[in-house]
Amino acid sequence: MIAPLASNQSSWRKTGSLWQACYWTALAVVFTWAIWQRFALPLTPIADPDTWGYLSPALRKLTGAEFGHSQGRNFLYPGFLYLVLRCFGDFRAIGVVQHLLGLAAGGLFLLIWRRLRVFVPDSLVNPPLHDAFGLAGAAIYLLASDTIRIETQLRPEGVCAFLISINLYFAVQFVNCSFLEHRRTGAVVCGSATVLTSLLLASAKPSFWFAAIVVMVPVTAFFLRSNWGRQKIALGLGMALIASLVLWPERILSRKDEASQTFLPTMLFVIHADLIRDQMAADLKEHASLPYSTDWLERVYVALNSEIAKSETNYPGHYPSLQFDPEYLWFDPSSITTQLRREFGSNISALCDFYRFYYWRTWQLRPFRALQKVARQFSIYYYPDCPAYVPMKIWPLMDVYERAVTSLDSEEYRRIARSLPALTDFMQRTKSLAENAPATKQQRILRDALADLAVSYMSLLLLALILSAIIFWKQARWRRLRWLAALVLFGSAYNAASCLEVAIVNSLEVHRYITVQMYATLLTQFLAFWLILEFALDITQRRNTITRDLVAPS
């Protein structure tokens, strides 16, 4: 008896050692390939029309002026750009740092995945297979062309994956410390880190404020538990301190930026321009009692209706779900926002009040149409294929650098470039790359994997949510999977919250709102697959047990 047992243990150790060697070798290959893909590309970051809002505060500070807001952008990413340029004096350093943060996000994907196993200690999926799933997910994220593309941009999206990864990592650690392992100090530290990373993510990319609220659900549950009074006080004080450190500077800096006041109200107005136009028409027809004169409102209605028609004619198909172009209404020098700005003159607060008034009035009196708009936006993300996965074959870098040259061709950049050699060098490199930048090709295996993920996302998620409902409905039968089901619900809510926020205030046809969600989408999809696999293995195991009991001799 002892000899066979020793032989089996020796065999298992050899198999386990062989798997570990294969795993770490594959991991090294994946990261080596990911590093090569990133640093084989030009390191000059890619500018776009929004870059000035993020870059100008750093440029002003580097040329001796005051650091501050520009075009309503939060100070975090501009502050990041300033620190990188201050330390290295070269715009290519921004590309290097963002690529390194992207690689760190891939590493955190693996850490999160391995850590999630503590929530299913008696998992029927053996550890090597579980590790293989995590490695596959990290490889897809690290090697996807769209991931690398985002890291090259001079936008906060370039660091969002890293912020999402540390946010989810600390959230998972907090739940583990608080509700599984009951480690009090760890719960306070990880809870504070969860709040900090949630605020950093939402401040850097405001489309994640609803997602930050989802992350706060387990933190709220922590305060509702019994006992742990000291830890609750410590976490509460930590949250207050963190909120003041992140939000207070933003409030101070935004006071000097007029766009910080007008940005959100203007966006809400132009995105819902068709609904607001129809509501204005109804108000005029019904002689509704409003804080604005009938004659003035009729002129605004005529202008708004005319500009919506122009946007449809000049830019057909730009926003198919909206059937007009809100960017034209917002940015065209002769369009409705410019006209309204002239109407209100220097009274910015009155202009913003008008935008908010008709936005909320539309929701109050036309809720069904407003909800239809939100539903249409949701369908962009969830049906039929998930657009977070982009199975592109070729990424033509010359095209994006040509657009970057156009974005940098303004007097503001040229004026600062005269006294900042680093900016001059950046602009010259961008012009050179617009003529000779290489095109990159995504490997067939990755394109197929991304296409399969996009097609299967909705079906896998729906099946996992149905199984989660069964697990919570019959807790005694599926008790061991309740935490895994909760994690699937958490990941689904995290993505849905981000989509909901964009669907309400903007449009998911703006591609950057979608691609920035790939990290959380991929992790949630792998969680859903794990839950489905655990469910199937459990049923199979129980059927085998019943079959053995039936055929066993009495």
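Here the structure is a predicted model, which is why all the values come from computation and not from measurement.

The rules behind these values
Residues numbered from 1 in each chain as written. Predicted model: local features only at pLDDT ≥ 70, side-chain atom pairs only at ≥ 80, totals over all residues. Heavy atoms only, no water. Helix = DSSP H or I, 4+ residues; strand = E, 2+ residues; numbered from the N terminus. Rg over C-alpha atoms; globule rule 2.2 N^0.38 Å. Contact = heavy atoms within 4.5 Å. Areas by Shrake-Rupley, 256 points an atom, 1.4 Å probe, with all protein chains shown as cover. Lys, Arg positive; Asp, Glu negative; His and termini not counted. Charge placed at Lys NZ, Arg CZ, Asp CG, Glu CD. Core = buried A, V, L, I, M, F, W, Y, C linked by side-chain atoms within 4.5 Å. Buried < 20%, exposed > 50% of the residue type's maximum accessible area, 1.4 Å probe, protein only. Expected span 1.5 Å × (residues − 1). Arc of directions from axis to C-beta. Phe/Tyr/Trp six-rings, centres within 6.5 Å; stacked < 30°, edge-to-face > 60°. Lys NZ or Arg CZ within 6 Å of the ring centre and 35° of its normal. Salt bridge = Lys/Arg side-chain N within 4 Å of Asp/Glu carboxyl O. Axes fitted to C-alpha atoms, helices over the stretch in contact; angles between N-to-C directions. Parallel < 35°, antiparallel > 145°, perpendicular 65-115°, else oblique. Left-handed = near helix turned anticlockwise from the far one by under 90°. Patch = residues over 30% accessible without salt bridge, like charges linked within 9 Å, V, L, I, M, F, W, Y side chains within 5 Å.

**Student:** How do you make sense of the overall build of the protein when you look at a structure like this?
**Tutor:** In terms of regular secondary structure, the protein is built from 24 helices and 2 strands. Rg of the C-alpha trace for the protein: 27 Å, near the compact-globule value of 24 Å for 554 residues, within the 12% margin. A principal-axis box enclosing the C-alpha atoms of the protein has dimensions of 95 × 60 × 50 Å. Contacts in the protein between residues at least 24 apart in sequence constitute 77% of all its contacts with a sequence separation of at least 6. Carbon and sulfur atoms form 62% of the exposed surface of the protein, whose accessible area is close to 26000 Å². Each charge class in the protein can be summarised by its mean position, and for the 53 positive and 41 negative side chains these summaries are 10 Å apart.

**Student:** What's the story with the nonpolar core in this structure? I'm lost.
**Tutor:** Across soluble globular proteins, nonpolar side chains show a tendency to be buried alongside one another. Ranked by internal contacts, the top residues of the largest apolar core, which has 153 residues, are F269, L340, F354 and L423. With residues up to four places along the chain from it excluded, the contact list for L423 reads L59, F91, Y413, I416 and A417.

**Student:** Is there a simple way to explain helix α17 (residues 367-382) in this structure?
**Tutor:** With 16 residues, α17 ought to run about 22 Å at 1.5 Å a step, and its terminal C-alpha atoms sit 22 Å apart, in line with that. For α17, the set of buried residues is A370, K373, V374, Q377, Y381 and Y382. On an axial view of α17, the arc spanned by its buried residues comes to 165°, and they lie on one face.

**Student:** Quick question: what am I supposed to make of the packing of aromatic side chains here?
**Tutor:** For the structure shown, the criterion picks out 39 aromatic pairs. On the numbers, 6.0 Å between centres and 45° between planes, the contact of Y315 with Y328 is tilted. In this pair, Y315 sits in the loop between α13 (294-314) and α14 (326-331) while Y328 sits in helix α14, placing the two residues 13 residues apart along the sequence. One aromatic cluster is present, built from ring pairs that chain together F269, Y292, W296, F344, F354, Y355, F357 and Y358. A cation over a ring is seen here: R225 above W228, with NZ or CZ 4.1 Å from the ring centre.

**Student:** Can you walk me through α13 in this structure?
**Tutor:** The α-helix winds at 3.6 residues per turn, so residues separated by three or four positions along the chain end up facing the same way. With 21 residues, α13 should reach 30 Å at 1.5 Å per residue; the first-to-last C-alpha distance of 30 Å fits that figure. Taken together, the buried positions of α13 are W296, L297, V300, A303, L304, E307, I308 and S311. Buried residues of α13, seen end-on, are gathered within an arc of 135° and therefore sit on one face of the element. Along α13, exposed side chains directed more than 90 degrees from the buried face belong to D295, V302 and T313. Buried residues belonging to α13 abut α11 (258-271), α12 (273-286), α14, α15 (336-344) and α16 (348-365).

**Student:** Honestly, the side chain of T262 in this entry has me stumped. Any pointers?
**Tutor:** Locating T262 in the fold gives a position in helix α11. Overall, T262 belongs to the buried group, its relative accessible area being 12%.

**Student:** What am I meant to see in the pattern of salt bridges here?
**Tutor:** A complete count under the given rule lists 28 salt bridges for this structure. Here the residues in one salt-bridge network are D48, D50, R73, R155, E157, K205 and R512, joined through shared partners.

**Student:** Quick question: what am I supposed to make of the packing of α15 against α16 here?
**Tutor:** Each pair of packed helices can be described by the angle between their axes along with the distance between the axes. Here α15 crosses α16 at 130°, and the two axes come no closer than 9 Å. Considering their axes alone, α15 and α16 lie oblique with respect to each other. In this structure, the crossing between α15 and α16 has a hand that is right-handed. Residues T337, L340, R341 and F344 of α15 form the contact with α16, whose own contacting residues are I348, A350, L351, F354 and Y355.

**Student:** What exactly am I supposed to notice about the environment of L322 here?
**Tutor:** In this structure, L322 sits in the loop between α13 and α14. L322 gets classed as buried once you look at its relative accessible area, which sits at 5%. Through-space distance from the C-alpha of L322 to that of A273 is 9.5 Å; in sequence the pair is 49 residues apart. Other than its neighbours up to four places away in sequence, L322 contacts I271, D274, K373, Q377, S507 and E509.

**Student:** Whenever I open this one, the environment of F324 confuses me. Can you help?
**Tutor:** Note on placement: F324 falls in the loop between α13 and α14. Relative accessible area serves as the criterion here: at 3%, F324 is assigned to the buried category. Sequence-wise, F324 and A273 are 51 residues apart; in three dimensions their C-alpha atoms are separated by 8.9 Å. Apart from the residues within four sequence positions on either side, F324 is in contact with V270, I271, A273, D274, I308, S311, E312, Y319 and L329.

**Student:** Honestly, unusual backbone geometry in this entry has me stumped. Any pointers?
**Tutor:** Negative phi is the rule for most residues except glycine; trans is the rule for most peptide bonds. P384 follows Y383 through a cis peptide bond whose omega is -5°. Although it is not a glycine, H287 sits at a positive phi angle of roughly 55°. Looking at where H287 falls in the secondary structure, it is placed in the loop between α12 and α13. Judged by its relative accessible area of 66%, H287 falls in the exposed class. Of note, Q323 is a non-glycine position whose phi angle comes to about 65°, a positive value. By secondary structure assignment, the location of Q323 is in the loop between α13 and α14.

**Student:** Please explain the packing of helix α4 (residues 92-116) against helix α5 (residues 127-143) as it appears in this structure.
**Tutor:** Direction vectors running N to C along α4 and α5 enclose 160°, while the axes themselves pass 9 Å from each other. Taken as axis vectors, α4 and α5 run roughly antiparallel relative to one another. The hand of the α4/α5 crossing is right-handed. Contact residues: α4 offers G102, L103, A105, G106, F109, L110, W113 and R114, while α5 offers H130, D131, F133, G134, L135, G137, A138, Y141 and L142.

**Student:** Even after reading the chapter, I still don't get a nonpolar patch on the surface, so can you show me in this structure?
**Tutor:** On the surface, I35, F39 and L100 cluster together to form a nonpolar patch covering roughly 240 Å² of accessible area. Relative to the helices and strands, L100 resides in helix α4. A residue is classified by how much of its surface remains accessible, and L100, at 46% relative accessible area, is partly exposed.

**Student:** Even after reading the chapter, I still don't get the environment of M280, so can you show me in this structure?
**Tutor:** Position of M280 among the secondary structure elements: in helix α12. With a relative accessible area of 0%, M280 lands in the buried category. Along the sequence, M280 and L304 sit 24 residues apart, while their C-alpha atoms lie 9.8 Å from each other.

Such coordinate-based values are descriptive only and should not be taken to indicate function.
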